[in-house]
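Each chain, letter by letter, is given below.
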Amino acid sequence: MIGSILQFVSHHLNLALCNHLRIDPSARKVFLSPGVSPDGDFTGADENALVLALVSIARDPLASQPLSRFPSSSLPLNPLAALESSPPPIPIHLQVLLAARFKPDQAVVGLDLLAHAIAFLHAHPRWDPLRFPGFPEGVRDLSFDLEPLDLPALNNVWSSLGTKLLPSALYRIRMISLPFHEPPRPVPAVSNPDLNVSN
């Protein structure tokens with residue numbers, strides 16, 4: 001699911017930037033990078049484009065979920081219901097880095113493109129299936145928060161990635177996911193019960 005979400009985000013960011021530049025969307029301007037190569041460069045990304053990279057995954061501390069599958073006021077009368085129910089969704093957030101990876105002679109273009117991506121996410125801080133088609137399955141809402149970073153925190157992010165510092169913005173993507181549904185577990189049937197119980 002997380003990979004699908006990041007592909008979805010990079011796709012719509014690319015559409016927004018290509019529309020801004022009035023170029024064909026096939027001219028990729030946003031790449032999803034799966035990681036960093038041994039020489040310290042983002043993999044899977046072309047030069048003169050923005051790179052979207054996952055930094056961390058964590059439980060969202062602002063979201064509250066019940067510890068039990070059932071609220072205390074609505075415990076199932078049927079004990080088998082606990083086996084057939086789905087656990088509540090896990091509220092998580094993703095920290096992603098949006099970086100401008102441009103050649104030195106294209107640095108101004110890269111900064112302008114990064115600024116437009118930030119402006120687009122500021123104008124559209126919350127995504128839903130009505131406004132953004134092709135929403136990942138199992139997710140019903142995404143929200144984007146620009147994370148403030150001081151220089152030590154910024155240095156820690158880039159050091160953990162193991163690559164050189166680039167102009168960038170760090171975002172926290174909060175997601176509301178649908179519950180995970182497992183196939184119902186078969187319950188063995190009782191055949192030929194003996195109703196004649198003697199004391």
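Bear in mind that the values here come from a model prediction, so they are computed numbers and not experimental data.

Cut-offs and rules
- Residues numbered from 1 in each chain as written.
- Predicted model: local features only at pLDDT ≥ 70, side-chain atom pairs only at ≥ 80, totals over all residues.
- Heavy atoms only, no water.
- Buried < 20%, exposed > 50% of the residue type's maximum accessible area, 1.4 Å probe, protein only.
- Helix = DSSP H or I, 4+ residues; strand = E, 2+ residues; numbered from the N terminus.
- Arc of directions from axis to C-beta.
- Polar contact = N/O pair within 3.5 Å; in protein donor to acceptor, adjacent residues only side chain to side chain.
- Expected span 1.5 Å × (residues − 1).

Draft legend 1. The arrangement of helix α4 (residues 151-161) in detail. Within α4 the residues assigned to the buried category are Val 157, Trp 158 and Leu 161. Seen end-on, α4 carries its buried residues on one side only, within an arc spanning 90°. Facing away from the buried side of α4 by more than 90 degrees, the exposed set consists of Pro 152, Asn 156 and Ser 160. At the N-terminal boundary of α4, the capping side chain belongs to Asp 150, with an oxygen 2.9 Å from the backbone nitrogen of Ala 153. At the exit of α4 stands Gly 162, carrying a positive phi of roughly 75°.

Draft legend 2. Region of the structure containing helix α1 (residues 2-21). The terminal C-alpha atoms of α1 lie 29 Å apart, and with 20 residues this matches the ideal 28 Å at 1.5 Å per residue to within 8%. Three or more residues of α1 are buried, namely Ile 5, Leu 6, Phe 8, Val 9, Ser 10, His 12, Leu 13, Asn 14, Ala 16, Leu 17 and Cys 18. Once α1 finishes, Arg 22 follows within two positions and takes phi at roughly 60°, a positive value.

Draft legend 3. Region of the structure containing unusual backbone geometry. Its identity is not glycine, yet Arg 22 carries a phi of approximately 60°, on the positive side. Among the structural elements, Arg 22 can be located in the loop between α1 and β1 (30-33). Given the relative accessible area of 78%, Arg 22 is considered exposed.

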